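What follows is each chain in one-letter form.
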Amino acid sequence: MADLRMEGCKTYTLWGTLLFYLCIFQTSFEVVESLKCYCHPCHNSDTNGTCQTTGSCYASKRLERLTSFEDLEIMTWGCLAPVAGTLLQCQPSAVPEYDISECCDNEDMCNLKLNITLADIEEAFEPEFTKPEKPSENNIKNVAIITSITAVLVFCFLGLGYVCFRYRMKRMRNKSLLVDGEHETFISSGQTLHQLIDISESSGSGSGLPLIVQRTIAKQISLVRSIGKGRFGEVWKGKFRGENVAVKIFFTTEEQSWFRETELYQTVLLRHDNILGFIAADINGTGSWTQLFLIMDYHENGSLYDYLRRHALDTTEMLTLAHTAACGISHLHVEIFGTKGKPAIAHRDVKSKNILVKKNGTCCIADLGLAVRYISETNDVDIAANTRCGTKRYMAPEVLEETLKKNHFDSFKQADIYSFGLVLWEIARRCVIGGVVEDAQLPYHDVVHQDPSIDEMRKAICVEKIRPTIPTHYHNNEYMSAMVRLMSECWNPNPSGRLTCLRVKKTLSKLLKAVDSAPK
């Protein structure tokens with residue numbers, strides 16, 4: 001579709017160029033008006049004493065001296081060509097016969113109104129009194145017409161250029177969505193979303209569905225009900241051929257977040273069991289309104305934040321949630337090398353509201369709008385262009401103090417680990433230990449306000465070095481004490497002293513295996 005639009009754009013440009021030259025060609029004939037002049041003596045008696053010209057009319061008086069006391073005045077009228085009007089008759093003559101001519105082009109028969117006297121002849125031979133040539137009304141009119149036509153054409157070309165620029169930008173955007181053009185996929189009436197995704201993955205692209213399929217899916221989705229709101233926009237439950245999908249609708253002011261998240265979800269080899277499944281992205285709307293759609297897998301359990309408020313956990317459930325969440329973050333952090341490799345990605349907004357719980361009790365990581373990529377070939381960190389920042393409650397000390405090294409990718413991964421340590425604390429609170437379970441709470445709920453400021457968080461975390469409270473009975477349980485050690489190493493004040501996500505994942509995997517193998 002973008003190619004067709006570009007072809008149309010080129011066609012409009014060609015027609016615009018032809019129109020420009022046509023207008024110039026037409027203007028050259030329109031602005032040169034034919035002028036009727038009085039003619040005497042006339043060479044052609046059929047003209048009834050008149051002549052036609054595109055130049056000017058003239059009246060000329062010649063003074064011939066018959067004797068030393070008698071002169072003869074001879075008057076002639078006629079038409080001049082444009083060049084002759086400026087070079088010949090309208091200039092005083094240098095021959096002995098005194099003659100002078102005057103020209104006009106302001107109206108038909110204007111040369112009848114020219115009155116040449118002897119004083120004019122005498123004055124013509126005095127160079128210091130030569131009169132400057134005055135622009136005629138016709139010339140002013142012609143200049144005005146040409147100027148106005150040129151201005152209109154300039155505005156037309158500017159408008160045409162803007163349209164072409166918009167089409168080109170849209171085409172570049174479509175290209176940046178990493179569409180797999182070698183393996184076109186078409187939707188048949190009986191195909192489900194999972195079948196389409198399986199076909200796309202079997203093609204070897206690893207970057208999601210082709211763009212043409214995404215747009216087809218987006219146009220066939222019906223919105224059912226709103227299931228959440230945030231600073232980016234709103235999340236709806238939708239239906240596609242009887243299957244539930246989640247539709248994230250961004251505010252028009254959050255276009256950068258929508259584009260960034262779409263771009264990252266289409267990263268080659270990003271698809272993973274513990275990363276929220278991406279289905280499609282599309283822009284719907286007209287000139288007056290726009291909807292930015294991001295269509296994802298739907299998980300009825302909602303976010304980990306909501307799930308923990310509704311469910312108390314046993315040890316296996318606690319470790320399963322923690323381990324699968326760590327698997328998702330670890331997959332983001334790791335770089336996969338190869339012909340179609342995956343860059344390392346840091347999330348930058350890890351929190352319980354950005355982790356979803358699947359039907360089988362495992363977690364998947366969502367909301368990549370703030371994520372950064374590491375381009376190993378150039379050693380560059382690709383940071384999002386939008387102005388959003390992470391959630392203040394989960395910010396690492398170096399982020400709060402603005403000492404994070406933005407040109408070192410490991411700094412972003414270390415900040416993610418700090419935030420994940422707080423998520424582990426939230427999960428651990430809901431585990432039943434000895435018949436006791438803590439209420440679901442956000443980190444630092446007893447230290448800062450519900451919506452804390454940066455300064456408030458900086459004082460608590462960086463100055464007073466407060467960390468979430470650990471209940472004393474945790475230390476009496478083998479698995480909970482291991483969780484305490486793990487989360488404490490994650491929120492270490494020194495970024496280089498924190499664990500890597502791979503180490504966190506392996507530790508949780510060992511704990512989970514130990515629970516499964518323990519006698520019931």
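Here the structure is a predicted model, which is why all the values come from computation and not from measurement.

Quick look at the overall build of the protein chain
Scanning the protein chain for helices and strands turns up 14 helices and 15 strands. When each of the 520 residues of the protein chain is scored for burial, the buried share is 43%. Taking the intrachain contacts of the protein chain between residues at least 6 apart in sequence as the baseline, contacts between residues at least 24 apart amount to 62%. About 28,300 Å² of surface is accessible on the protein chain, with carbon and sulfur atoms providing 55% of the total.

Some details on the packing of aromatic side chains
Applying the stated criterion to the full structure yields four aromatic pairs. Here the aromatic rings of Phe232 and Phe250 are separated by 5.6 Å at their centres, their planes lie at 50 degrees, and the arrangement is tilted. Of this pair, Phe232 sits in the loop between strand E6 (222–229) and strand E7 (233–240) while Phe250 is found in strand E8 (residues 243–250), placing the two residues 18 residues apart along the sequence. Taken together, a centroid distance of 5.5 Å and an interplanar angle of 25 degrees make the contact between Tyr374 and Phe409 stacked. Taken together, the positions of Tyr374 in strand E14 (residues 372–375) and Phe409 in helix H11 (residues 409–429) put the pair 35 residues apart, joining distant regions of the chain.

Points about the side chain of Arg373
By secondary structure assignment, the location of Arg373 is in strand E14. Of the residues examined, Arg373 reaches a relative accessible area of 14% and is grouped as buried. Those residues in contact with Arg373, other than ones at most four positions away along the chain, are Arg260, Glu263, Leu264, Thr267, Pro343, Ala344, Ile345, Asp380, Val381, Asp382 and Phe409.

Describing the pattern of salt bridges
Evaluated as defined, the whole model comprises eleven salt bridges. The shortest N-O distance in the salt bridge between Glu107 and Lys113 comes to 2.7 Å. Overall, Lys113 belongs to the exposed group, its relative accessible area being 61%. Linking Arg498 and Glu398 is a salt bridge whose minimum nitrogen-to-oxygen distance equals 2.8 Å.

Quick notes on the nonpolar core
Tyr265 and Leu508 are the most contacted members of the largest nonpolar core, which totals 86 residues. A per-element tally of this core places H11 first, with twelve residues. Beyond its immediate stretch of four places on either side in the chain, Leu508 contacts Leu319, Ala322, His323, Ala326, Leu424, Met483 and Leu486. Counting residues in each nonpolar core, the second largest holds twelve residues, with Cys37, Ala59, Cys110 and Ile116 among its members.

Some points on the environment of Phe240
Note that Phe240 resides in strand E7. Considered as a pair, Phe240 and Ser222 are 18 residues apart in the sequence and their alpha carbons are 6.9 Å apart.

So, helix H13 (residues 478–490)
Residues spaced three or four apart along an α-helix point in a common direction, a consequence of the helix completing one turn every 3.6 residues. Taking 1.5 Å per residue as the helical rise, H13 with its 13 residues ought to reach 18 Å, and the 19 Å between its terminal C-alpha atoms agrees with that figure. Regarding H13, the residues found buried are Tyr479, Met480, Ser481, Ala482, Met483, Val484, Leu486, Met487 and Cys490. Taken together, the buried residues of H13 touch helix H9 (315–333), H11 and helix H14 (501–517). Two or three places before Tyr479, at the start of H13, stands the capping residue Asn477, its side-chain oxygen 2.9 Å from that residue's backbone nitrogen.

Notes on the packing of H13 against H14
One can describe the packing of H13 onto H14 by two numbers: an axis separation of 11 Å at closest approach and a directional angle of 175 degrees. By the criterion of interaxial angle, the relationship of H13 to H14 is roughly antiparallel. Contacts between H13 and H14 involve Tyr479, Ala482, Met483, Leu486 and Cys490 on the former and, on the latter, Val504, Thr507, Leu508, Leu511, Ala514 and Val515. By residue class, the composition of the contact of H13 with H14 is ten nonpolar, one polar and no charged.

Side note on the packing of H9 against H14
In helix packing, the relevant descriptors are the interaxial angle and the interaxial distance, both defined with respect to the helix axes. At a minimum axis separation of 9 Å, H9 and H14 run at an interaxial angle of 155 degrees. By the angle between their directions, the pair H9 and H14 is classed as roughly antiparallel. For the crossing formed where H9 meets H14, the hand is left-handed. On H14, the residues touching Thr315, Thr316, Leu319, Thr320, Ala322, His323, Ala326, Cys327, Ile329, Ser330 and His333 of H9 are Cys501, Leu502, Val504, Lys505, Leu508, Ser509, Leu511, Leu512, Val515 and Asp516. Grouping the amino acids of the contact of H9 with H14 by side-chain chemistry returns twelve nonpolar, seven polar and two charged.

Let's talk about a nonpolar patch on the surface
Judged by side-chain polarity, Val154, Phe155 and Leu158 come together as a nonpolar surface patch covering roughly 340 Å² of accessible area. As for its placement among the helices and strands, Val154 is situated in helix H4 (residues 137–176). Its relative accessible area of 44% is what places Val154 among the partly exposed residues.

Re the confidence of the model for the protein chain
Of all residues in the protein chain, 73% have pLDDT values of 70 or greater, and the mean over the chain is 80. Under a pLDDT of 50 for its full length, residues 124–133 has, in the predicted model, six contacts with residues more than four places off or in other chains.

Focus on the sheet that holds strand E11 (residues 344–346)
Here we have three strands laid out as an open sheet, ordered E11-E14-E15, and antiparallel in their pairing. At either end of the open sheet lies a strand with only one pairing partner, and these are E11 and strand E15 (380–382). Strand-to-strand twist of the sheet, defined as the mean angle between neighbouring strand axes without regard to direction, takes the value 25 degrees. Pairing of E14 with E15 involves three bridges; the strand directions are antiparallel. Following the sheet pairing, Ile375 is matched in E15 by Asp380. Sheet contacts for helix H7 (residues 255–265): E11, E14 and E15; angle to E14, the most-contacted strand, approximately 50 degrees. Strands in contact with H11 are E11, E14 and E15; relative to E11, the strand with the most contacts, it is inclined by about 50 degrees.

Rules and cut-offs
- Residues numbered from 1 in each chain as written.
- Predicted model: local features only at pLDDT ≥ 70, side-chain atom pairs only at ≥ 80, totals over all residues.
- Heavy atoms only, no water.
- Helix = DSSP H or I, 4+ residues; strand = E, 2+ residues; numbered from the N terminus.
- Buried < 20%, exposed > 50% of the residue type's maximum accessible area, 1.4 Å probe, protein only.
- Contact = heavy atoms within 4.5 Å.
- Areas by Shrake-Rupley, 256 points an atom, 1.4 Å probe, with all protein chains shown as cover.
- Phe/Tyr/Trp six-rings, centres within 6.5 Å; stacked < 30°, edge-to-face > 60°.
- Salt bridge = Lys/Arg side-chain N within 4 Å of Asp/Glu carboxyl O.
- Core = buried A, V, L, I, M, F, W, Y, C linked by side-chain atoms within 4.5 Å.
- Expected span 1.5 Å × (residues − 1).
- Polar contact = N/O pair within 3.5 Å; in protein donor to acceptor, adjacent residues only side chain to side chain.
- Axes fitted to C-alpha atoms, helices over the stretch in contact; angles between N-to-C directions.
- Parallel < 35°, antiparallel > 145°, perpendicular 65-115°, else oblique.
- Nonpolar A, V, L, I, M, F, W, Y, C, P; charged D, E, K, R; others polar.
- Left-handed = near helix turned anticlockwise from the far one by under 90°.
- Patch = residues over 30% accessible without salt bridge, like charges linked within 9 Å, V, L, I, M, F, W, Y side chains within 5 Å.
- pLDDT = per-residue confidence, 0-100.
- Pairing = 2+ DSSP bridges.

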